[in-house]
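Spelled out from the first residue to the last, the chains are:
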Amino acid sequence: MDRRNRGIRARAAAALLIVACMIFGAAVSAMADYKNVMDGRLYDNEYLVIKRDPTGKVGSVMSIPVTVCAPYDMEDVWVGLSPDTSSFYSMPKDGGEDAGLQNDFPFEINEDTFTPKRIGNLRDGSSKTVTLSARVRRDMKEGYYCIPIAIYVNGRDSTPETDFLNVWIYTSSSASAETEDETKEEVAFVMGEGQATPYGRYPGPMDFGINLRNKGWLPAYDVTVSMVLSRSDEEFPFMINEGNYDRHFEVIEPGQTVALPYSMAIRKESYTGFYPLKFKITYRESMYGDKRVAEGPGMFRDQATGETLSTDTSVQSKDYEFYVHISSKEKEDSLGEFNENDRTKARIIVDGFRTEPAKIMAGEEFDLILNMKNASTTVAASNILFSLEPEKVENASVFSTESGSSSIVVNSLGAGESTELRVRFLAKAGIDQRSYTITIKEKYDSPEFKNAEESVTVDIPIYQQARLSTSTFEIMPDSIEVGGESNIMFGINNTGRIQLYNVNARFEAPSIRTTESYVGNIKPGETGNVDVMVAGEAPTEDEGKVKVIISYEDENGEVTEVEKELTLFVSEPMEDFGEMMDGMEGMEGMDMETSGGLAGWMADPVRKILALTAAVLLLAAIGAGIAIATKRKKKREQEEEDMDDEIS
């Protein structure tokens, strides 16, 4: 606050001096001459930082950058040309001899001349820049003029503080106008300074950076560097994979160089050569004072004045070019069938397609419906021949047509117009399940390009029906008692052209315990084996049918079930042989001893029949056990031989 008080006292002294000069009839204004505003004398600036004297041309609008550095915490700061012209200037007189003197007010006066612009709040030691503008009077002479700047603290309606800056006014005929160099520009950019031309080769990606330097003498705020994109292969060599390629910077100081990094994929259709990349750079010369706020479509509000504008005039814009070199295919010989001027032609693309039915099975017919569009916005196409060529496998087309021809003629297709093509195809039964390509070859005329040829492709997915078969069921034994087990073996053969995933076999019947056997994945042409033990739970009351449910999944995880049948009888358990003999010994109160031993016991006909029956059943059980053990032994030996073959 001491600095502020000293500034107030200094300005009070200046005002007294000016009044004294006016009282004593001084011939020139106190601010007539070029002033040293930094030497601490009477007109020493308290708020303004002068980096360079602004330059203006007679009769032109002059930009006056003003940088305010706060000597204390300042709130709601506004800056403008001082409206107190009577204190600081000798105003021009109509036809008077004093007209055109350097102490005259150098600007045309209109309703906006003294309108201040808002900077906002400033903390002690911080600074902000605002750009004022005014049109230089046409009758001014070349020379320096000292301009008072009003600084309003605590709102635009407060009493202003006054600092000064010098401006240079020149005429169009003066030598100074001819020797203006780039350093006179407030904000100007140079691209690619001090770097070689970036180089890229198809099909690899191209990573490169561009140096951008602010060669002006003012900082540029809110800088956006936008790459101008193009669909033309001859104008723009890169794939457009992003919505925009903007690079934004909050501020670029005078003399500062920033990097613009890019990573681009080179187009297949590009040609070898140099390409000029076009850029549009937008920026503001002030961070706050000139900023406009959008209020609606195409409407902006000036933050400083509150005025509603049709454009955001605070944003400056400049265009630049930067060259890159691409190595790709060579251009066609200009002495060939077409010359250099025969390059404008229509662009016919596939705007969309569908098939009926949507899911096509191998061996079935389907309709392909294509929506062909002329993507050019200005060039029409005529005499269009569309030829559809399906992909070939082992030198044979995977799709065929009834008539054998798949060509369609369209008389004309205007710029932006579309047409629908419908062709019926038959998918061959023996092809694999995958997507197959149909190439659409185009031959057409454009006003400046005759017999143009292009081709586009579409992919048609074809599906195969899953198929399987089973080998003969081996059931040992084919008749069991309740609580007994039977061994069931068979093979599952994949007879289709697609893999079966997560194959599983499930056995269900009222007479057995439900049992499952997981087989796994089975490739086309291969076999998965099932070897499972099934236990009896209840006596068979029907024909002994057991359901064999084989399930599998396709590549999408959809489950399909196939049902087979086998025959297995389950009977009541027979009485234990020892108990049977005990029962026979007690039959009719007779035993072995009373019947004359075993021979006497067997002499009884009933006992003989029972003994023979028990012996037959015992032999059958022993035979079945031996058969099962033999088969399992052979199976283990076969598996061991297969394993030996794989190892060898």
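Just above, that's the structure.
What counts and what doesn't
Residues numbered from 1 in each chain as written. Predicted model: local features only at pLDDT ≥ 70, side-chain atom pairs only at ≥ 80, totals over all residues. Heavy atoms only, no water. Helix = DSSP H or I, 4+ residues; strand = E, 2+ residues; numbered from the N terminus. Buried < 20%, exposed > 50% of the residue type's maximum accessible area, 1.4 Å probe, protein only. Salt bridge = Lys/Arg side-chain N within 4 Å of Asp/Glu carboxyl O. Phe/Tyr/Trp six-rings, centres within 6.5 Å; stacked < 30°, edge-to-face > 60°. Pairing = 2+ DSSP bridges. Contact = heavy atoms within 4.5 Å.

1. Some words on the environment of threonine 171
Okay, step 1: Its place among the elements puts threonine 171 in the loop between strand E8 (161-170) and helix H3 (175-178).
Okay, step 2: When its relative accessible area of 22% is taken as the criterion, threonine 171 is described as partly exposed.
Okay, step 3: Separated by 31 residues in sequence, threonine 171 and methionine 140 place their C-alpha atoms 8.5 Å apart.

2. Looking at the pattern of salt bridges
Okay, step 1: Per the counting criterion, the structure on display carries 20 salt bridges.
Okay, step 2: The closest approach of N and O atoms between glutamate 454 and lysine 345, which form a salt bridge, is 2.6 Å. Remark: lysine 345 occurs in the loop between strand E19 (316-327) and strand E20 (348-356) and glutamate 454 occurs in strand E30 (residues 449-463); sequence separation between them is 109 residues.
Okay, step 3: Judged by its relative accessible area of 28%, glutamate 454 is partly exposed.
Okay, step 4: Of the residues examined, lysine 345 reaches a relative accessible area of 17% and is grouped as buried.
Okay, step 5: Here the residues in one salt-bridge network are Arg354, Glu356, Glu365, Asp367, Glu420, Arg422 and Arg424, joined through shared partners.

3. Some points on the packing of aromatic side chains
Okay, step 1: On inspection of all chains with the given rule, the structure shows 14 aromatic pairs.
Okay, step 2: A ring pair is formed by tyrosine 47 and tyrosine 72, whose centres lie 6.2 Å apart and whose planes are at 75 degrees; its orientation type is edge-to-face. One end of the pair, tyrosine 47, is in the loop between helix H1 (2-23) and strand E1 (48-49); the other, tyrosine 72, is in the loop between strand E3 (61-69) and strand E4 (74-81), and 25 residues separate them in sequence. Per residue, the accessibility class of tyrosine 47 equals that of tyrosine 72, and both read buried.
Okay, step 3: Here phenylalanine 189 and tyrosine 320 contribute two aromatic rings whose centre-to-centre distance is 6.4 Å and whose plane-to-plane angle is 80 degrees, an arrangement assigned as edge-to-face. Of this pair, phenylalanine 189 sits in strand E9 (residues 189-191) while tyrosine 320 sits in strand E19, and the two are 131 residues apart along the sequence.

4. Thoughts on the sheet that holds E1
Sheet strands pair by backbone hydrogen bonding; their relative direction is either parallel or antiparallel.
Okay, step 1: Pairing is antiparallel in the open sheet, where three strands are placed in the order E1-E3-E6. Sheet topology places E1 and strand E6 (127-135) at the edges, where each strand pairs with a single neighbour.
Okay, step 2: Relative to E3, E1 runs antiparallel, the two sharing two bridges. Bridge pairing in E3 places leucine 48 opposite valine 68.

5. A closer look at the side chain of serine 511
Okay, step 1: Within the secondary structure layout, serine 511 lies in the loop between strand E35 (500-508) and strand E36 (515-522).
Okay, step 2: Other than its neighbours up to four places away in sequence, serine 511 contacts Gly536, Glu537, Ala538, Pro539, Thr540 and Val570.

6. A closer look at the pairing of strand E34 (residues 485-494)
Okay, step 1: The buried fraction of E34 is high, at eight of 10 residues.
Okay, step 2: The sheet contact formed by strand E31 (residues 468-470) and E34 spans three bridges and is antiparallel. The partner of threonine 470 across the bridge, within E34, is isoleucine 492.
Okay, step 3: Inspection of the sheet shows strand E32 (residues 474-476) paired to E34 by three bridges, in the antiparallel sense. Within E34, the residue paired with glutamate 474 across the bridge is methionine 489.

Without other data, these values stay purely geometric and don't point to any function.
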